[in-house]
Amino acid sequence: DELLKTRAATPAANHLFEINAKAPKLSEEKAEIFHHLVAKLLYLCKRTRPDIILPVAFLCTRVQKPDEDDFKKLGRCLSYLQNHPDIPLTLEA
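Per chain, the residues get numbers from 1 upward, laid out in the order the sequence is written. Local features in a predicted model are, by the rule used here, given only for residues with pLDDT of at least 70; side-chain atom pairs are given and counted only at 80 or more, and totals for whole chains, interfaces and linings are based on all residues. To obtain the side-chain values, all non-hydrogen atoms of the structure were used and water was disregarded.

Would you mind going over the packing of aromatic side chains with me for this structure?
Here the distance between the centres and the angle between the planes together describe a pair of aromatic rings. Within 6.5 Å between ring centres, the rings of Phe, Tyr and Trp (the latter by its six-membered ring) count as paired, and their orientation is classed by plane angle as stacked under 30 degrees, edge-to-face over 60, tilted in between. Within the structure shown, the criterion is met by one aromatic pair. Judged by centre distance (5.5 Å) and plane angle (90°), the ring pair of phenylalanine 17 and phenylalanine 58 falls under edge-to-face. Linking phenylalanine 17 in the segment before helix H1 (28-47) with phenylalanine 58 in helix H2 (residues 53-60), this pair joins segments that are 41 residues apart in sequence. On the accessibility criterion, phenylalanine 17 (53% relative accessible area) is exposed. Secondary structure counts use DSSP, requiring at least four H or I residues in a row for a helix and at least two E residues in a row for a strand, with both numbered from the N terminus. Only protein chains enter the accessibility calculation, which uses a 1.4 Å probe; a residue is then buried when its area is under 20% of its type maximum, exposed when over 50%, and partly exposed in between.

Rendered as structure tokens:
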């Protein structure tokens, strides 16, 4: 629930690639949830939602030692998906 507090118009903010070295690390339990959700997003972006590939690729680099800032970035991506569920995958030949 805390991840979906806001309504996001884009899957990532301008500060996506900025890493706050002073941000507190996630607890082991929260880090496991972070890893689990990032893995699910990776599957989703490869199969049906290429619009989230950039933030998911970044979040994949942060699963070893995620911090609170990374958790907020994950929340923004999830919020974007919740608010834009009907963006179709278009296949063209």
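Explanation requested: the packing of H2 against helix H3 (residues 68-83) in the structure shown.
Helix-helix packing is characterised by the crossing angle of the two axes and by the distance between the axes. Direction vectors running N to C along H2 and H3 enclose 155°, while the axes themselves pass 11 Å from each other. On the basis of their axis angle, the class for H2 and H3 is roughly antiparallel. Relative to H3, H2 is oriented so that their crossing is left-handed. Contacts between H2 and H3 involve Pro55, Val56, Phe58 and Leu59 from the first element and Asp70, Lys73, Leu74 and Cys77 from the second. Along the lines of polarity and charge, the residues of the contact of H2 with H3 split into six nonpolar, no polar and two charged. An axis is simply a line fitted to the C-alpha atoms; with a helix, the fit covers only the stretch in contact. Between two such axes, the angle follows the N-to-C directions and lies from 0 to 180 degrees. Any angle that is under 35 degrees is reported as roughly parallel, and any over 145 degrees as roughly antiparallel; angles of 65 to 115 degrees are reported as roughly perpendicular and all others as oblique. Handedness of a helix crossing follows the sense of rotation of the near helix relative to the far helix, less than a right angle counterclockwise being left-handed and clockwise being right-handed. It only takes one pair of heavy atoms within 4.5 Å for two residues to be counted as in contact. In this classification, the charged set is Asp, Glu, Lys and Arg, the nonpolar set is Ala, Val, Leu, Ile, Met, Phe, Trp, Tyr, Cys and Pro, and all remaining amino acids, among them Gly, are polar.

Hey, could you run me through the pattern of salt bridges in this one?
Should the charged atoms of two oppositely charged side chains come close, the side chains can pair. We define a salt bridge as a contact between a side-chain nitrogen of Lys or Arg and a carboxyl oxygen of Asp or Glu at a distance within 4 Å. The full count for this structure, using the stated rule, is five salt bridges. A salt bridge links lysine 30 to glutamate 68, with the shortest nitrogen-to-oxygen separation between them at 3.7 Å. Residue lysine 30 is located in helix H1, and its partner glutamate 68 is located in helix H3; the two are separated by 38 residues in the primary sequence. Given the relative accessible area of 26%, glutamate 68 is considered partly exposed. Residue aspartate 51 is joined to arginine 49 by a salt bridge in which the shortest nitrogen-to-oxygen separation is 2.9 Å. Beyond isolated ion pairs, a larger network of salt bridges with shared partners links Arg62, Asp67 and Asp70.

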